[in-house]
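# Structure at a glance
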Amino acid sequence: MAATLAAGRFRDHSIIPGFGMTFGITLTYLGLIVIIPLAVMFAQASNAGWAKIWAELSSPRTLSAFRVSFGCALLAALINAVFGSLVAWVLVRYDFPGRRFVDALIDLPFALPTAVAGIALTALYVENGWIGGLLAPFGVKVAFTPLGILVALVFVGLPFVVRTVEPVLRESGKDLEEAAALLGARRWRILSRVVLPPLLPAVMTGFTLAFARAIGEYGSVIFIAGNMPGWSEILPLLIVVKLEQFDYAGATLLASMMLIASFILLFSINLLQAWLRRRHGG
């Protein structure tokens, strides 16, 4: 009885204000930071007129920039989903010399300025760079090509997958894997039936975060991309180019189209992630 009364008094005198106040603060904050700026952007884009909208939508340069940005972002997120999960597995399940140093390196893309990352990657992957020089004899050119964009996006997106999968691996432990092995299950069956199902929602979350970061990445890409219209020009750079040309209507139109396409893709991924969680009891 005393515990019930104490709990009731704690609810009445909560440290955080009640639902009404916190909900109002939340809506105000989201309105000022997210909703109002986006609404203004869409309003400016809609004022451009249908002729301008169709001209931007059908422009080969715009279509190419969309294809490069979203294609490279999707491929980079897929690569990070696979190899980021492997990195998280190694960091959680194995103890080796220098593990803490490697663990600290994973967070480097978070702290490193994107322009510095772009310059460093370009210096490494140009034809006379340390890595680019090794690839040049095989006819592989990375810097100033879409492949360079992919490398930069993989670099900035890797931590999202690793840091999302790591906690799930730490909580899962090895008990189920050892039990399956004692029952005679082979390694591939243990991996597909025991290890992967609980990890899939976390991997999808990391994939979504990496994909979202890659879509809007700018600083680390423009140095290594080459920025050739129709070949290695990303959509954020095209928006900046239009702003520099004082084509504000075109810039807002491209930004609005990019936002709509990103929202549709991310919403679809979130639906898939929710379905995976329900299926695997997460």
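If you're wondering where the values come from, they're calculated on a predicted model, not measured in any experiment.

## Some thoughts on the overall build of the chain
The helix and strand tally for the chain stands at 14 helices and zero strands. Listing every helix and strand of the chain by position from the N terminus yields α-α-α-α-α-α-α-α-α-α-α-α-α-α. Radius of gyration (C-alpha) of the chain: 24 Å, far over the 19 Å computed for a compact globule of 282 residues. Once the C-alpha set of the chain is aligned to its principal axes, its extents read approximately 70 × 60 × 30 Å. Roughly 17000 Å² of accessible area belongs to the chain as shown, and the carbon and sulfur atoms make up 71% of that amount. Looking at the chain, you have 21 positive and 15 negative side-chain charges, and the mean spots of the two groups are 8 Å apart.

## Comments concerning the environment of Val203
Residue placement: Val203 occurs in helix H11 (residues 187-215). Measuring from C-alpha to C-alpha, the distance between Val203 and Gln273 comes to 9.1 Å, with 70 residues separating the pair along the chain. With sequence-adjacent residues up to four places away left out, Val203 is seen in contact with Ala81, Ser85 and Val165.

## Section: the side chain of Ser64
In this structure, Ser64 sits in helix H4 (residues 60-93). For Ser64, a relative accessible area of 5% corresponds to the buried category. Ignoring anything within four residues of it in the chain, the contact list for Ser64 reads Gly230 and Trp231.

## Let's talk about the pattern of salt bridges
Following the criterion strictly, the structure yields eleven salt bridges and no others. Residue Arg213 is joined to Glu217 by a salt bridge in which the shortest nitrogen-to-oxygen separation is 2.8 Å. Accessibility expressed as a relative area gives 23% for Arg213, which makes it partly exposed. Glu217 sits in the buried class, given a relative accessible area of 6%. Here the salt bridges do not stand alone but share partners, grouping Asp103, Asp107, Arg163, Glu166 and Arg170 into one network.

## Focus on the packing of aromatic side chains
Across all of its chains, the model carries five aromatic pairs by this definition. Considering the side-chain rings of Phe66 and Phe70, the 5.7 Å spacing of their centres and the 10° angle between planes classify their relative orientation as stacked. Taken together, the residues Phe66 and Phe70, both in helix H4 and four residues apart, mark about one turn of the helix. When sorted by exposure, Phe66 lands in the same class as Phe70, which is buried. Seen in terms of ring centroids, Phe263 and Phe267 are 5.9 Å apart; in terms of plane orientation they differ by 15°. Their pairing is stacked. Here Phe263 and its partner Phe267 are both found in helix H14 (residues 248-279), four residues apart, which amounts to about one turn of the helix. A relative accessible area of 57% places Phe263 in the exposed class. Positioned above the aromatic ring of Trp89 is the side chain of Arg93, whose terminal nitrogen or guanidinium carbon lies 4.5 Å from the ring centre.

## Points about helix H2 (residues 19-46)
The α-helix advances 3.6 residues per turn, and as a result positions three or four apart in sequence lie on the same side. The sharpest bend along H2 measures roughly 55° and falls at Gly31. Buried residues of H2: Gly31, Met41 and Ala45, and no others. Elements in contact with the buried residues of H2: helix H3 (50-57) and H14.

## Structural notes on the side chain of Asn80
If you trace the backbone, Asn80 turns up in helix H4. The exposure class of Asn80 is buried, given its relative accessible area of 2%. From its side chain, Asn80 meets the backbone oxygen of Val154 in a polar contact 3.3 Å long. Apart from the residues within four sequence positions on either side, Asn80 is in contact with Ser85, Leu153, Val154, Gly157, Leu158, Val161 and Ala210.

Reading the values: rules and limits
Residues numbered from 1 in each chain as written. Predicted model: local features only at pLDDT ≥ 70, side-chain atom pairs only at ≥ 80, totals over all residues. Heavy atoms only, no water. Helix = DSSP H or I, 4+ residues; strand = E, 2+ residues; numbered from the N terminus. Rg over C-alpha atoms; globule rule 2.2 N^0.38 Å. Areas by Shrake-Rupley, 256 points an atom, 1.4 Å probe, with all protein chains shown as cover. Lys, Arg positive; Asp, Glu negative; His and termini not counted. Charge placed at Lys NZ, Arg CZ, Asp CG, Glu CD. Contact = heavy atoms within 4.5 Å. Buried < 20%, exposed > 50% of the residue type's maximum accessible area, 1.4 Å probe, protein only. Salt bridge = Lys/Arg side-chain N within 4 Å of Asp/Glu carboxyl O. Phe/Tyr/Trp six-rings, centres within 6.5 Å; stacked < 30°, edge-to-face > 60°. Lys NZ or Arg CZ within 6 Å of the ring centre and 35° of its normal. Bend = angle between axes of the 7 residues up to and from the residue. Polar contact = N/O pair within 3.5 Å; in protein donor to acceptor, adjacent residues only side chain to side chain.

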